[in-house]
Amino acid sequence: MAAVIASLAGALILAIIGYDIARLVTPQEPRRPPLARLRGRRAALEEAERWLVGLRLHERIDTATYQRRMSGIARGQRRTPARPIDRAGGRHG
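Residues numbered from 1 in each chain as written. Predicted model: local features only at pLDDT ≥ 70, side-chain atom pairs only at ≥ 80, totals over all residues. Heavy atoms only, no water.

**Q** Even after reading the chapter, I still don't get the pattern of salt bridges, so can you show me in this structure?
**A** Any two side chains of opposite charge can pair, on the condition that their charged atoms come close. Counted by the stated rule, this structure contains 2 salt bridges. Of the charged contacts in the structure, one is a salt bridge between Arg50 and Glu46, with a shortest N-O distance of 3.8 Å. Note that Arg50 and Glu46 are positioned in helix α2 (residues 34-57) at a spacing of 4 residues, about one turn of the helix. Here Arg50 and Glu47 are joined by a salt bridge, their closest N and O atoms 2.6 Å apart. Of this pair, Arg50 and Glu47 both sit in helix α2, 3 residues apart, roughly one helical turn. (Salt bridge = Lys/Arg side-chain N within 4 Å of Asp/Glu carboxyl O. Helix = DSSP H or I, 4+ residues; strand = E, 2+ residues; numbered from the N terminus.)

Here it is in structure tokens:
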């Protein structure tokens, strides 16, 4: 009787493992739940904000740049769009 119960428990565990692997492989299944994705995005924005405050405290960026980048973070952008390149002189012109 114990052998039957043990074999049924083993078969159930194998079935669960097979189902889980098949669920992860199918393209319809999201890899992470939406709440985890949202927490990751918020954490990334908070880290960008901390980094930006550090730059400002050490006077590596001016007030206007700080305000522009902070408003971008408030809109959900971790990075600000690049400024257009001057065709005559390039970036270092």
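There's plenty left to go through after this.
**Q** Help me out: how do you make sense of the nonpolar core in this one?
**A** Most often, soluble globular proteins keep nonpolar side chains buried together rather than apart. Formed by Leu45, Ala48, Leu52, Leu55, Ile61, Met70 and Ile73, the largest nonpolar core amounts to 7 residues. Among the secondary structure elements, those contributing two or more residues to this core are α2 and α3 (63-74). In terms of residues, this core owes the most to one element, α2, which gives 4 residues. When near neighbours in sequence (up to four residues on either side) are disregarded, Leu45 contacts Ile73, Gly76, Gln77 and Arg78. (Core = buried A, V, L, I, M, F, W, Y, C linked by side-chain atoms within 4.5 Å. Buried < 20%, exposed > 50% of the residue type's maximum accessible area, 1.4 Å probe, protein only. Contact = heavy atoms within 4.5 Å.)

**Q** Mind showing me how you'd approach a nonpolar patch on the surface here?
**A** Among the surface-exposed residues, Ile13, Leu14, Ile17, Ile21, Leu24 and Val25 lie close enough to one another that they form a single nonpolar patch of about 590 Å² accessible area. As for its position among the elements, Leu24 is in helix α1 (residues 2-25). A relative accessible area of 41% places Leu24 in the partly exposed class. (Patch = residues over 30% accessible without salt bridge, like charges linked within 9 Å, V, L, I, M, F, W, Y side chains within 5 Å. Areas by Shrake-Rupley, 256 points an atom, 1.4 Å probe, with all protein chains shown as cover.)

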